Amino acid sequence: MAVLVALGAFLMTLAGGWTAQHVTDRRHLVLGLAGGLMLGVVGLDLLPEALEAAGEDVFGVPEALLLFVGGFLLAHLVERLLAARRASHGADEHNHRAPEVGLTAAGAMVGHSAMDGVAIGAAFQVGGGMGVAVALAVVAHDFADGFNTYTLTSLYGNARRKALIMLFADAVAPMVGAASTLFLTIPEQALGAYLGLFGGVLLYLAAAEILPEAHHVHPARSTLLCTVAGVGFIWVVVGLAG
């Protein structure tokens, strides 16, 4: 049952990627919306779940928050290292984004989608009602996951074929994750740590890359409205799931 429900997540992810792919003439609006979706996912979904699942404090600070900051710094470090490597080979870091960053970020989205599938499977082990509630939440925000996966991959200069491959991997991941719960159980504390780390990475990409790019070439009030709409969409999804 969990795997069948994850099929809905598969379709919603593809729908999100298809939307991002076919509005290229409004790229600034796509990026503004993607930044808002990512910000909403981090602040309203990932971080609260991470804090709830995390273990004991580490020197007075919740473990999930430490990993959240660590994820932000890790993403910044990786991008700087890749930019420095490209600059050493004669590339202009301000005009040439490292494709590896986009692929790494998309890979993190795929991993997150797999964990969504695990969440569906674990919830169905608790009970049918819990499983349906979690599944609805996952399916609803997988549209944003597909949208962001395609946008992140293509934004950093990767070919359309690679963006589509990452989108398909992100769509399949929830079904793989749901199927894996037939054989394993992830400790709650480990899940909280993962969500904290991933949230930090996602926030860096939204705040330092996606949103500045959205306003750089075509600054417009409509771009800001798309960002606010993205956050609002995730708020509604989280509220309905709760």
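Keep in mind that what you see is a predicted model, and the values were worked out from it rather than measured.

1. Things to note about the nonpolar core
Within soluble globular proteins, side chains that are nonpolar generally end up buried alongside one another.
Piece 1. In terms of nonpolar packing, the biggest core is built from 37 residues, with Met 38, Leu 46, Phe 147, Leu 152, Leu 202, Leu 205 and Ile 210 touching the most fellow members.
Piece 2. Elements supplying a minimum of two residues to this core: helix H2 (27-53), helix H3 (63-88), helix H4 (99-126), helix H5 (128-155) and helix H7 (188-216).
Piece 3. Apart from the residues within four sequence positions on either side, Phe 147 is in contact with Gly 16, Gly 17, Thr 19, Ala 20, Val 30, Leu 33, Ala 34 and Leu 37.

2. A look at unusual backbone geometry
Piece 1. A positive phi angle is found at Phe 59, which is not glycine, with a value near 55 degrees.
Piece 2. By secondary structure assignment, the location of Phe 59 is in the loop between strand S1 (57-58) and strand S2 (61-62).
Piece 3. Residue class for Phe 59 comes out exposed when judged on its relative accessible area of 85%.

3. Regarding the packing of aromatic side chains
Piece 1. Counted under the stated rule, the structure contains two aromatic pairs.
Piece 2. Summarising the aromatic geometry, the rings of Phe 10 and Phe 168 are spaced 6.1 Å apart at their centres and angled 85 degrees between planes, so their arrangement reads as edge-to-face. Of this pair, Phe 10 sits in helix H1 (residues 2-21) while Phe 168 is found in helix H6 (residues 160-180), placing the two residues 158 residues apart along the sequence.
Piece 3. You can call Phe 168 partly exposed: its relative accessible area is 47%.
Piece 4. Seen from their ring centres, Phe 72 and Tyr 204 are 5.1 Å apart, and the 85 degrees between their planes marks the pair as edge-to-face. In this pair, Phe 72 is assigned in helix H3 and Tyr 204 in helix H7, connecting sequence segments 132 residues apart.
Piece 5. The buried category is assigned to Tyr 204, whose relative accessible area is 5%.

4. Focus: the packing of H2 against H7
Piece 1. Between H2 and H7, the least distance of the axes is 8 Å, while the angle of their chain directions is 160 degrees. Classified by the interaxial angle, the pair formed by H2 and H7 is roughly antiparallel. Crossing of H2 over H7 shows left-handed handedness.

5. Overview of the environment of Ala 208
Piece 1. For Ala 208, the location among the structural elements is in helix H7.
Piece 2. Judged by relative accessible area, which is 33%, Ala 208 ranks as partly exposed.
Piece 3. Sequence separation of Ala 208 and Gly 35 is 173 residues, and the distance between their C-alpha atoms is 9.9 Å.

Definitions and limits used
- Residues numbered from 1 in each chain as written.
- Predicted model: local features only at pLDDT ≥ 70, side-chain atom pairs only at ≥ 80, totals over all residues.
- Heavy atoms only, no water.
- Core = buried A, V, L, I, M, F, W, Y, C linked by side-chain atoms within 4.5 Å.
- Buried < 20%, exposed > 50% of the residue type's maximum accessible area, 1.4 Å probe, protein only.
- Helix = DSSP H or I, 4+ residues; strand = E, 2+ residues; numbered from the N terminus.
- Contact = heavy atoms within 4.5 Å.
- Phe/Tyr/Trp six-rings, centres within 6.5 Å; stacked < 30°, edge-to-face > 60°.
- Axes fitted to C-alpha atoms, helices over the stretch in contact; angles between N-to-C directions.
- Parallel < 35°, antiparallel > 145°, perpendicular 65-115°, else oblique.
- Left-handed = near helix turned anticlockwise from the far one by under 90°.

Purely geometric stuff here, so don't read any function into it on its own.
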